[in-house]
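Fold and geometry: a report
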Amino acid sequence: MKVYFVSDGTAITAEVFGSAMLSFFDVAVETQSVPFLTTKDQAEGLKQQVNLEMEQGVKLLVFYTISDVAIREIIQSCDCHCYNLFGDLLSPIEKALGVKAQPTAQKAHGMKEGVYDGRIDAINYALANDDGVSVKNFEQADIILLGVSRSGKTPTSLYLAMQYGIKAANYPITEDDFSSPGLPRVLKAHKKKLFGLTIDALRLQEIRSGRMAESKYASARQCRYEVDEVESLYRQERIPFLDSTKLSVEEISTKVMAEMHLVRHRQ
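Residues numbered from 1 in each chain as written. Predicted model: local features only at pLDDT ≥ 70, side-chain atom pairs only at ≥ 80, totals over all residues. Heavy atoms only, no water.

Quick word on the pattern of salt bridges
How we decide: Salt bridges are identified by distance alone: a Lys or Arg side-chain nitrogen within 4 Å of an Asp or Glu carboxyl oxygen. For helices the rule is a DSSP run of H or I covering at least 4 residues; for strands it is a run of E covering at least 2, with both sets numbered from the N terminus onward. Using a 1.4 Å probe on the protein chains alone, a residue whose accessible area is under 20% of its type maximum counts as buried, one over 50% counts as exposed, and one in between counts as partly exposed.
Taken as a whole and judged by the stated rule, the model has six salt bridges. In this structure, the salt-bridge partner of Lys2 is Glu53, at a minimum N-O distance of 2.9 Å. Here Lys2, found in strand S1 (residues 2-7), pairs with Glu53, found in helix H2 (residues 40-55); they are 51 residues apart in sequence, far enough to count as distant. Just as Lys2 is buried, Glu53 falls in that class too. Notably, a salt bridge pairs Glu226 with Arg208, separated by 2.8 Å at the nearest N-O pair. Highlighted residues: Glu226 in helix H10 (residues 220-237) and Arg208 in helix H9 (residues 201-212), separated in sequence by 18 residues. Given a relative accessible area of 7%, Glu226 falls into the buried group.

As structure tokens, this is what we get:
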């Protein structure tokens, strides 16, 4: 099965919404995004490609978010099942708001300049305060993620910054930290901002082995020791924590936002 995500914008909405729908079905899917499709010629070209693949026996679905009615009609006329992701929603919303949807309104509600700048600042902050490289700016953090090496701190910090504008620092808990009771000294003043990540020891061993095979760092014994110790630290210090083993970075970030009562930065 092949699926096209088509949009006159970035196609991210079509991809996220369409993928969510497809997750209910146990089928193998090849996906292709087609962003910034804004002309009839582009739409006709995509239609020809889709119809050719259908003739060749490829099973196809198209999920699309297109503002222009004429372009929508071209996409909808493809020789496959096509789903207008806004189609069944706009009419009820029009009735609820008492306002007609406008073809250009979708673009008017893009990221505002202040929001964009805020997210860039948050991304720069996450990069500058990654993996304990710098601890002098922790007072500016919205959250400080803790965890052993390779437990998901960095991707979660960056996702929180990119998607929510959250200033997320992260600090690695190492074997040296376990030799002294309690939190590392640099974290004690920021305890209310701390959130821990943990991970299954076997999964941690797999990840570390991909980087440093046959090392103490990647050994099963070392991974079990670090995971047990960091979870004990979280419990002793009453730091909320989450097992990242089976979660995507999107799921981790959403759970962190909810647990820490963080709010998306809009300015």
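Let's talk about the sheet that holds strand S4 (residues 81-84)
Put simply, the rule is: At least two DSSP bridges between two strands are required for those strands to pair. Note on geometry: axes are C-alpha line fits, over the in-contact stretch for helices, and angles between N-to-C directions span 0 to 180 degrees.
The four strands are arranged S2-S1-S3-S4 in an open sheet whose pairing can be described as parallel. Either end of the sheet is taken by a strand with one partner, and the two such strands are strand S2 (30-34) and S4. Averaged over all adjacent pairs, the angle separating strand axes in this sheet is 15°, with direction ignored. Bridging between S1 and S2 involves five bridges; their strand directions are parallel.

Side note on H9
Where we set the bar: In a helix, the anticipated span is given by 1.5 Å times the number of residues less one. It is the directions from the helix axis to the C-beta atoms that the arc portrays. Contacts are assigned to residue pairs that have any heavy atoms within 4.5 Å of one another. By the criterion applied in these results, polar contacts are pairs of N or O atoms within 3.5 Å in which, for protein atoms, one can donate a hydrogen and the other can accept it, and in which residues neighboring in sequence qualify only through two side-chain atoms.
The end-to-end C-alpha distance of H9, which contains 12 residues, comes to 16 Å, matching closely the 16 Å that a straight helix rising 1.5 Å per residue would cover. Every buried residue of H9 is listed here: Ala201, Leu204 and Arg208. Down the axis of H9, the sector holding all buried residues measures 55°, keeping them to one side. Exposed and facing more than 90 degrees away from the buried side of H9 are Leu202, Glu206 and Gly210. Buried residues belonging to H9 abut H10. For H9, the N-terminal capping position is held by Asp200, with its side-chain oxygen 3.0 Å away from the main-chain nitrogen of Leu202. Phi turns positive one or two residues past the end of H9, at Glu214, with a value near 65°.

A short note on the nonpolar core
Soluble globular proteins: nonpolar side chains tend toward being buried together. Formally: Put simply, a nonpolar core is a bunch of buried Ala, Val, Leu, Ile, Met, Phe, Trp, Tyr and Cys residues held in one set by side-chain atoms that sit within 4.5 Å of each other.
Of all hydrophobic cores here, the largest spans 22 residues; its most connected members are Phe138, Ile144, Leu146, Tyr171, Ile173, Leu187 and Leu194. Only strand S5 (143-147), strand S6 (168-172), H9 and H10 provide two or more residues apiece to this core. Sort the elements by how many residues they give to this core and H10 lands first, with five residues. In this structure Ile144 touches Phe138, Ala169, Tyr171, Leu187, His190, Lys193, Leu194 and Phe195, once residues within four positions along its chain are discounted. Counting residues in each nonpolar core, the second largest holds 17 residues, with Leu37, Ala43, Tyr64 and Ile66 among its members.

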